[in-house]
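# Descriptive analysis of the structure
The residues making up each chain are set out below.
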Amino acid sequence: MVPQYKHLVNGEMIETSEWLDVLNPATEEVVGQVPACGAAELDQAVASARAAFKTWKNSTFEERQAACLAIAGAIKENGQDLYRLLTTEQGKPHAQAKGEIFGAAGLAKAQSTLQLDDEIIQDDDTRHHRHRRVPVGVVGGIVPWNFPVSMAIQKIIPALMSGCTIVLKPSPFTPLTTLKIAELIADKVPAGTVNIITGEDSLGPLITGHADIDKITFTGSTATGKKIMEGASADLKRITLELGGNDASIVLPDADPAKVAQQLFWSSFMNAGQVCIAAKRVYIHEDIYDELSAAIADYAKTVVVGDGSEQGTGVGPIQNKKQYERVLELIEDAKDNGYKFLTGGDTDPSGTGYFVPLTILDNPPEDARIVAEEQFGPVMPLMKFSSEDEVIERANASEYGLAGAVWTGDPEKGVEIAEKLETGTVWINEFMHLSPFAPFGGHKQSGFGAEYGKEGLKEFTYPQVITVKKDNVVA
Ligand code: NAD
């Protein structure tokens, strides 16, 4: 019997009569069923969030923090079961699933310290002028399938800390762990403050278009982000969009190939490459290109692709069939164009599970589809460059602007290049590190607004300015 999950509305776990199947991408077997919610369930969730907002908007910092710490604690205490469930539905290896679950608990705890203090603009004999932040209201949170738990938490926590209430929709491909967390927190946060409902993609536009939702916080593809912006324009909902990326890594000639090869490998292949901030274009200086590309390819041959629940697996399957077919299509296109492969290149979809061999390309042209498009799969194009100006121009020649990295023995030189890159985040000699206290957001078509830190919290609030004229008492 396949386990059936319930959704969370107004502090209660609720069943529906319609169900959606959820598959394990390694076995293609159904591993759970979740409610197929539609407009009626959404209305109930929004009504519950609206009712809860009336009191939650006036909650104290301590009450908000207690709710967020309760969520962090529930995830941490149940982490051993949650990470296994996450691998079952998402595919990532156990070690990476563990990282996501315990990382989400840590993020919730860290962000429960965030608050926006009042700012006194003027306070003298004539006027007291105060800037405060007030919660926008009911938030609609829409989450993708690559990091279902961290993305849910990074929407729920700032919503609660700002005094908003939320209706959250996981991806239909990966709703199980989020609904399990819903069950764990149902009686730990005030009823109606957090509502979690599941449904097909078609539930997304209903959220964006709902007249009683005040803000949308979305993580997903740039194509869907544009639809959300359009939908939200009808009643000028506030929006935060965390979208796609085509991040460039730049390896300078003074980087030590033996030291950086493995880190570069994982910067592209973590979570089977299904990371918005994965290195999707790797530019290596011509002086070290041959040595470093050989070291990366040699290391790739030691990494096992397989079922994430099996010991020894380094890279799991692609999360869903549609994305699997898209990645295979990009590899086929590279083969058709005669580009050279250092590893991978097989595109036989006949086996069970959505597995793609680790694919490293040897200096494909800049306009190759597999370079110019976001692959979102276990694919790493290595490209040669000869001058700094040239590589900066190539790195910036993208409609995306999410993140990037510079690898060098000279961190100051790394910073100099970082400041010329048109992206929201740049790492020098590391990858994928995000601080709960620094704004994370994309430039250009990688996003709109930011998450994390006070900057992210602000996005859940309106500014309000209250002015008291002191020398004009009227009564
Ligand atoms: P997606 O856009 O297909 O789906 C994301 C979510 O939006 C899902 O919950 C889906 O059901 C919902 N949705 C689909 N159509 C909708 C619509 N018309 N209106 C409202 N909601 C709708 O994205 P995905 O395939 O799940 O995720 C992969 C993409 O997400 C990649 O492009 C990746 O780079 C991006 N991503 C970005 C970040 C970031 O922080 N910048 C993080 C993770 C993933």
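What you see is a predicted model; the values in this text were computed from it and never measured.

## Concerning the packing of aromatic side chains
On inspection of all chains with the given rule, the structure shows 7 aromatic pairs. Seen from their ring centres, Trp-145 and Phe-376 are 5.5 Å apart, and the 75 degrees between their planes marks the pair as edge-to-face. With a gap of 231 residues between them, Trp-145 in the loop between strand E7 (138-142) and helix H5 (148-162) and Phe-376 in the loop between helix H12 (369-372) and strand E18 (379-385) connect regions that are remote in the sequence. The pair formed by Trp-145 and Phe-376 is uniform in burial state, with each residue classed as buried.

## Description of helix H11 (residues 321-336)
Between its first and last C-alpha, H11 extends 22 Å over 16 residues, near the 22 Å set by a 1.5 Å rise per residue. In this structure, the buried residues of H11 make contact with strand E16 (340-343), strand E17 (359-362), H12 and E18. Positive phi shows up at Gly-338, right after H11, with a value of about 80 degrees.

## Examining the environment of Trp-56
Along the chain, Trp-56 falls in helix H1 (residues 39-56). We classify Trp-56 as buried; its relative accessible area is 6%. C-alpha separation for the pair Trp-56 and Asp-124, spaced 68 residues apart in sequence, amounts to 33 Å. When sequence neighbours within four positions are dropped, the list of residues in contact with Trp-56 reads Glu-63, Arg-64, Ala-67, Leu-160, Gly-163, Cys-164, Thr-165, Pro-190 and Thr-193.

## A short note on unusual backbone geometry
A positive phi angle, near 55 degrees, is found at Asn-271, a position not held by glycine. Structurally, Asn-271 can be placed in the loop between helix H9 (257-269) and strand E13 (279-285). Taking the relative accessible area as the measure of exposure, Asn-271 reaches 3% and is therefore buried. Of note in this structure, Tyr-452 is not a glycine but carries a positive phi near 75 degrees. Along the polypeptide, Tyr-452 turns up in the loop between strand E23 (447-448) and helix H15 (453-458).

## A closer look at the domain arrangement of the chain
One frequent convention defines the size of an interface as the accessible area lost when the parts assemble. Split by domain assignment, the chain resolves into domain 1 (7-243 + 446-465) and domain 2 (248-428). Computed from C-alpha atoms alone, the centre-to-centre distance between domain 1 and domain 2 is 31 Å. Opposite the 21 residues of domain 1 that make contact, domain 2 presents 27 residues. Together, the buried faces of domain 1 and domain 2 total about 2,000 Å²; carbon and sulfur atoms form 56% of this surface. Our count for the domain 1 to domain 2 interface comes out at 0 salt bridges. Across the domain 1-domain 2 interface, the total number found is 12 residue pairs in polar contact (both at pLDDT 80 or more). Looking at the side of domain 1 that touches domain 2, the elements with two or more residues in it are helix H3 (79-90) and helix H4 (94-111). For the side of domain 1 that touches domain 2, the element with the highest residue contribution is H3, accounting for 3 residues. Considering only residue class, the side of domain 1 that touches domain 2 consists of 8 nonpolar, 10 polar and 3 charged.

## Comments concerning the site of the ligand
For the ligand, the set of nearby residues contains 30 residues, the closest of which are Val-143, Asp-201, Ser-221, Leu-243 and Glu-374. A distance of 2.7 Å separates an oxygen atom of the ligand from a polar atom in the side chain of Lys-169. Contacts to the ligand include Leu-243, whose backbone N or O atom sits 2.6 Å from a nitrogen atom. Burial of the ligand by the surrounding chains reaches 91%, relative to a free accessible area of 850 Å². When contributions to the shell around the ligand are tallied by element, the ones reaching two or more residues are helix H7 (203-208), strand E10 (215-219) and helix H8 (222-232). Taken together, the residues of the shell around the ligand break down into 15 nonpolar, 10 polar and 5 charged. Counting contributing residues per domain, the shell around the ligand is built from domain 1 (7-243 + 446-465) and domain 2 (248-428), each supplying no fewer than three.

Basis of the calculations
Residues numbered from 1 in each chain as written. Predicted model: local features only at pLDDT ≥ 70, side-chain atom pairs only at ≥ 80, totals over all residues. Heavy atoms only, no water. Phe/Tyr/Trp six-rings, centres within 6.5 Å; stacked < 30°, edge-to-face > 60°. Helix = DSSP H or I, 4+ residues; strand = E, 2+ residues; numbered from the N terminus. Buried < 20%, exposed > 50% of the residue type's maximum accessible area, 1.4 Å probe, protein only. Expected span 1.5 Å × (residues − 1). Contact = heavy atoms within 4.5 Å. Domains from an automatic or database assignment. Buried area = accessible area lost by both parts, 1.4 Å probe. Salt bridge = Lys/Arg side-chain N within 4 Å of Asp/Glu carboxyl O. Polar contact = N/O pair within 3.5 Å; in protein donor to acceptor, adjacent residues only side chain to side chain. Nonpolar A, V, L, I, M, F, W, Y, C, P; charged D, E, K, R; others polar. Near = heavy atom within 4 Å. Areas by Shrake-Rupley, 256 points an atom, 1.4 Å probe, with all protein chains shown as cover.

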